[in-house]
Amino acid sequence: MYVMKCSRDGSFEKGEVNPYGNIQLSPSAGVLNYGQASMKSYRKEDGGLLLFRPELNAKRMMMGAERMCMPCPSLHQFVEAVKQTALANKRWVPPHGKGTLYMRPMLLGSGAVLGLAPAPEYTFLVYASPVSDDYFKGSGGLNLYVEEEYDRSARLGTGGVKSICNYAPALKAMGRAKSRGFSDVLYLDSVEKKNLEEASACNVFIVKGNVISTPAARGTILPGVTRRSIIEIAYDHGYQVEEGVVPVDQLLDADEVFCTGTAVVVAPVDTITYRDQRVQYKTGVGSVTSELYSTLVGIQRGVVEDKKGWTVEIS
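Residues numbered from 1 in each chain as written. Predicted model: local features only at pLDDT ≥ 70, side-chain atom pairs only at ≥ 80, totals over all residues. Heavy atoms only, no water.

As recorded in an unreviewed UniProt entry, the protein chain goes by the name Branched-chain-amino-acid aminotransferase, listed as coming from Linum tenue. Regarding the protein chain, the relevant UniProt record gives this comment under Sequence similarities (unreviewed entry): "Belongs to the class-IV pyridoxal-phosphate-dependent aminotransferase family." (UniProt positions renumbered as here; feature names shortened; annotations may be inferred.)

Shown next as structure tokens:
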């Protein structure tokens, strides 16, 4: 087999022919990631560790595995693997309020197969890395661009599961948006091109008065754990939450817009550019986004009482 590697600048080094054999990859290699589950471990004020809704992450992996014709660990096996990984990496969990331990459970077809068929062997792997709370690196509120040329997913496809095929196609539009100064893109539905779907790797919510709207998870967007948690918290805070079709035109007169996801948590949107119009939204102290963020993060870090049984303490 011929092997040639590419450097970061896009140039390939001189290759060579090697005997056919296995190749070595880092667990964080791009080909293996983005399409896998993700969650975090949080350090409490007293130094203890918390996991947030690990059973939902397990169920989401089960759903995705079924769609992709893959066997999957049981709920118990998944949660135990995450617990053991968090404990083994306890010293890497940032101090309370300074970051989290980002954890990535992965399920991959590791068995050799030449034809188009499910792999004969699968590997379940969990690894972790400390991360800061600032996912977008000091950007403050997000500046999003409504993407009309490229689609993220299609009806009856795999847009609703954590599959790697949902992420690589998003890189083109995201890279173009970032080169123009935007944080990310917002995708529209692939059929009518007039309804909101989600951003490259996070769900989107719109706030207008006491009503919070978000696209329904009907197979084309990811039913995120953070998304589900924010919906429940919003109900508890007295807001009316609507899951359904959200026309892109609703962005033009919204009070606030925010995104949710394991990595971004709850990220306020400062501006959205749609065609030739740039709309700015309320952010900061006193915003609905800030209120929901504070409650969610408080529960995750053990500062706000967890009345729903969402957190799992490990030691």
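What follows continues from the structure just given.
Time to look at unusual backbone geometry. Backbone geometry places R53, a non-glycine residue, at a positive phi of 50 degrees. As for its position among the elements, R53 is in the loop between β4 (49–52) and α1 (54–67). A residue is classified by how much of its surface remains accessible, and R53, at 5% relative accessible area, is buried. One non-glycine residue with positive phi stands out, namely L156, at about 70 degrees. Within the secondary structure layout, L156 lies in the loop between β7 (142–147) and α3 (170–179). (Helix = DSSP H or I, 4+ residues; strand = E, 2+ residues; numbered from the N terminus. Buried < 20%, exposed > 50% of the residue type's maximum accessible area, 1.4 Å probe, protein only.)

On to the state of the cysteines, then. Defined simply, a disulfide is a covalent bond joining two cysteines at their sulfur atoms. Tallied over the entire structure, the rule returns 0 disulfides. There is no disulfide at C72, and the cysteine sulfur nearest it, in C69, is 13 Å away. Residue classification places C72 among the partly exposed residues on the basis of a relative accessible area of 29%. (Disulfide = S-S within 2.5 Å.)

With that out of the way, let us pick up helix α5 (residues 288–300). Over its 13 residues, α5 extends 19 Å from the first C-alpha to the last, a length consistent with the 18 Å expected when each residue adds 1.5 Å. All buried positions along α5 are accounted for by V288, T289, L292, T295, L296, V297, G298, I299 and Q300. One or two residues past the end of α5 sits G302, with phi positive at roughly 80 degrees. (Expected span 1.5 Å × (residues − 1).)

On to empty space enclosed by the protein, then. Under the defined criterion, the tally for this structure stands at 2 cavities of 30 Å³ or more. Reported here for the largest cavity is a volume of approximately 90 Å³. Lining the largest cavity, in full, are S38, M39, K40, Y42, F52, N57, V225, T226, G261, T262, V265 and Q300. Of all the secondary structure elements, the ones that give two or more residues to the lining of the largest cavity are β3 (39–43) and α4 (225–236). No other element matches β3, which puts 3 residues into the lining of the largest cavity. Grouping the amino acids of the lining of the largest cavity by side-chain chemistry returns 5 nonpolar, 6 polar and 1 charged. (1 Å grid on protein atoms, 1.4 Å probe; cavity = no way out; pocket = protein on both sides within 12 Å on 5 of 7 lines; lining within 4 Å. Points joined across faces, edges and corners; volume = space filled by probe spheres on them. Nonpolar A, V, L, I, M, F, W, Y, C, P; charged D, E, K, R; others polar.)

Its place among the elements puts N166 in the loop between β7 and α3. Judged by relative accessible area, which is 3%, N166 ranks as buried. A distance of 2.8 Å separates a polar side-chain atom of N166 from the backbone oxygen of T158. Those residues in contact with N166 that sit more than four places away from it in its chain are R152, T158, G159 and V161. (Polar contact = N/O pair within 3.5 Å; in protein donor to acceptor, adjacent residues only side chain to side chain. Contact = heavy atoms within 4.5 Å.)

The subject of this paragraph is the environment of N166. Spatially, the C-alpha atoms of N166 and S190 are 14 Å apart, while their sequence positions differ by 24 residues. A distance of 2.7 Å separates a polar side-chain atom of N166 from the backbone oxygen of V161.

Here the focus is a nonpolar patch on the surface. There is a patch of nonpolar side chains on the surface, built from M1, Y20, I23, L25 and V31 and spanning about 600 Å² of accessible area. Along the polypeptide, M1 turns up in the segment before β1 (2–3). (Patch = residues over 30% accessible without salt bridge, like charges linked within 9 Å, V, L, I, M, F, W, Y side chains within 5 Å. Areas by Shrake-Rupley, 256 points an atom, 1.4 Å probe, with all protein chains shown as cover. Salt bridge = Lys/Arg side-chain N within 4 Å of Asp/Glu carboxyl O.)

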